Amino acid sequence: MDEQNQRLQTYEQAIACLTPRLMSIAKTLPAKSQEAAEELRLRAGQPMRWAANGQEHDVSGDIVHAEELRDTLARASRWSVHTFYEPIAQGYLPLVGGHRLGVCGTVSFADGKIQGIRMVSSLSLRIAREHKGVAEPVLHEIWNAEQDVQGTLMLSPPAGGKTTFLRDCIRLLSMQGIRVGVVDTRGEIAAMRGGIPQFDLGGHADVLDGCPKALGALQLVRTMAPQVLALDEVTDPEDLEAIRYAANCGVTVLATIHAAGIEELKHKPLFHALYDCGAFTKLVTLKMENETRYCTVQTLEGGKSRC
């Protein structure tokens, strides 16, 4: 199957969770737009919109009704919403094929935590695109047969490709027989379904799904003896402690963080702590310009090569 047909089939698979009317609207999108679409945005009282490269475009003039959002969530959960109450409380629902449905609305709140979403006001259908090979051009900067895997911090703004790049690094290293432990807190790296990753992570990756990063990192290091530990979106001091623990155990860490570039990253207090902990020797910056993705690699002084 050629790449164009594959991308169209991926779109068809993603929109299968929609109600019949919304699915019909989604199918009116021209083929080129279906290939490029990264998300479908559904908001009560607004037309359906498709998004790519951070820009939203109307699919049609027909508005989406609130009851269609509720019915879409029910269909996506196979008419068993309560079974998925934990991820829905975190704002998303994992779908077959690695797609995911972001959920927004009126929340149920108790004991300082979001317990669920009672009234759905908008949905974001994220269409899974693997983009295998995106990390290949710079993999030699992170690892080759003559060197250890380098601790690597990957950064980009939201929707800039950090998770896609991290996933491909995991796949490429795993294919070389390197054990990679993956903490997939929000199901965006592996998209586990029935214990099987919906994305290709190679044959030597062990995934801890739905677990907070700090706890998951500690558990993987203790139980699965990974050579490399992969974390997505480091945000909390607790994540830093887990990275330190893994690094001190001789485990190489691959992690992502939100930032548009190195200058913005330097203003994040967490970055200085990450830099000082010595776990990272490489910094990968991802950015999009004129619909083209660019990737640059820098060496961080003071880090230590591990694995």
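These numbers come from a predicted model, not from an experiment. (Residues numbered from 1 in each chain as written. Predicted model: local features only at pLDDT ≥ 70, side-chain atom pairs only at ≥ 80, totals over all residues. Heavy atoms only, no water.)

## Examining the layout of surface pockets
Considered as a void within the structure, the largest pocket measures approximately 1,300 Å³ in volume. Of all the elements, helix α7 (residues 162-175) adds the most residues to the lining of the largest pocket, at five residues. In the lining of the largest pocket, the residues fall into 18 nonpolar, 11 polar and 16 charged. (1 Å grid on protein atoms, 1.4 Å probe; cavity = no way out; pocket = protein on both sides within 12 Å on 5 of 7 lines; lining within 4 Å. Points joined across faces, edges and corners; volume = space filled by probe spheres on them. Helix = DSSP H or I, 4+ residues; strand = E, 2+ residues; numbered from the N terminus. Nonpolar A, V, L, I, M, F, W, Y, C, P; charged D, E, K, R; others polar.)

## Quick look at the sheet that holds strand β11 (residues 205-209)
Hydrogen bonding along the main chain pairs the strands of a sheet, whether they run parallel or antiparallel. Here seven strands make up an open sheet; going across it, the order is β11-β8-β12-β13-β7-β14-β15 and the pairing mixed. The open sheet has two edge strands, β11 and β15 (292-299), and neither has a second partner. Looking at each pair of strands side by side, their axes are set apart by 20° on average, direction ignored. Looking at chain direction, strand β8 (residues 180-184) and strand β12 (residues 228-231) are connected through four bridges and run parallel. When the bridges of β12 are listed, Val183 appears paired with Leu231. Against the sheet, helix α8 (residues 213-224) contacts β8, β11 and β12, and its axis sits at roughly 155° relative to β8. (Pairing = 2+ DSSP bridges. Axes fitted to C-alpha atoms, helices over the stretch in contact; angles between N-to-C directions. Contact = heavy atoms within 4.5 Å.)

## Observations concerning the pairing of strand β7 (residues 152-156)
With five of five residues buried, β7 is to be regarded as a mostly interior element. On β7, burial covers both faces: Thr152, Met154 and Ser156 on one face and Leu153 and Leu155 on the other are all buried. Sheet analysis places β7 next to strand β13 (residues 252-258), joined by five bridges and oriented parallel. Residue pairing across strands places Met154 opposite Thr256, the latter belonging to β13. Alignment of β7 against strand β14 (residues 282-289), held across four bridges, turns out to be parallel. From the neighbouring strand, Leu153 faces β14, where its bridge partner is Leu283. (Buried < 20%, exposed > 50% of the residue type's maximum accessible area, 1.4 Å probe, protein only.)

## Let's talk about empty space enclosed by the protein
Empty pockets left among the atoms are what a rolling probe the size of a water molecule brings to light. Taken as a whole and assessed by the stated rule, the structure comprises one cavity of 30 Å³ or more. As a volume, the largest cavity reaches approximately 30 Å³. Every residue along the wall of the largest cavity is listed here: Glu130, Lys132, Arg167, Asp168, Arg171 and Asp200.

## Re the pattern of salt bridges
One pass over the full model with this rule turns up 13 salt bridges. Of the charged contacts in the structure, one is a salt bridge between Arg21 and Glu68, with a shortest N-O distance of 2.7 Å. Placement of the pair is Arg21 in helix α2 (residues 20-27) and Glu68 in helix α4 (residues 66-76), with a sequence separation of 47 residues. For Glu56, the salt bridge goes to Arg43, with nearest N and O atoms at 3.1 Å. With a gap of 13 residues between them, Glu56 in strand β3 (residues 55-63) and Arg43 in strand β1 (residues 39-43) connect regions that are remote in the sequence. Salt bridges here are not isolated pairs; linked through shared partners, they connect Glu39, Arg41, Arg43 and Glu56. (Salt bridge = Lys/Arg side-chain N within 4 Å of Asp/Glu carboxyl O.)

Fair warning: the whole summary comes from geometry, so function is off the table for now.
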